[in-house]
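If you want the building blocks of each chain, they are given just below.
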Amino acid sequence: MTKATDLRGKSQDELNDQLLQLKKEQFNLRFQKASGQLENTARVRVVRRDIARIKTILGQQATAASAS
């Protein structure tokens, strides 16, 4: 799990890279679940929330950039 304060210190490129990695992991976890090979079911929830956290911060940065 990633803390929001840690994410705020990263650049947009770093956040986009991390978002891409998490989406790939989410895809792989969904694939494992469908094939019955998923062992750590809690990881699905953690990845989903990390994706939401990064998207929120990217949105806040975009709003702050357009406001100033």
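Remember, predicted model here, so these are calculated numbers, not experimental data. (Residues numbered from 1 in each chain as written. Predicted model: local features only at pLDDT ≥ 70, side-chain atom pairs only at ≥ 80, totals over all residues. Heavy atoms only, no water.)

Draft legend 1. How the structure looks around the side chain of D50. Looking at where D50 falls in the secondary structure, it is placed in helix α3 (residues 42-67). You can call D50 buried: its relative accessible area is 3%. Residues in contact with D50, not counting those within four places in the same chain, are M1, T2 and L22. (Helix = DSSP H or I, 4+ residues; strand = E, 2+ residues; numbered from the N terminus. Buried < 20%, exposed > 50% of the residue type's maximum accessible area, 1.4 Å probe, protein only. Contact = heavy atoms within 4.5 Å.)

Draft legend 2. Main features of the confidence of the model for the chain. Put simply, the chain has an average pLDDT of 94, and 100% of its residues get 70 or more. When the elements of the chain are averaged for pLDDT, helix α1 (residues 4-8) gives the smallest value, 90, and helix α2 (residues 12-34) the largest, 97. (pLDDT = per-residue confidence, 0-100.)

Draft legend 3. Examining the pattern of salt bridges more closely. Counting across every chain of the model gives two salt bridges. Note that R43 and E25 form a salt bridge whose closest N and O atoms lie 2.7 Å from each other. Within this pair, whereas R43 is found in helix α3, its partner E25 is found in helix α2, the two being separated by 18 residues in sequence. Ionic pairing is found between D50 and R53, a salt bridge with its closest N-O pair at 2.7 Å. A residue pair is termed a helical-turn pair when its members lie 3 or 4 positions apart in one helix, as D50 and R53 do in helix α3 at three residues. (Salt bridge = Lys/Arg side-chain N within 4 Å of Asp/Glu carboxyl O.)

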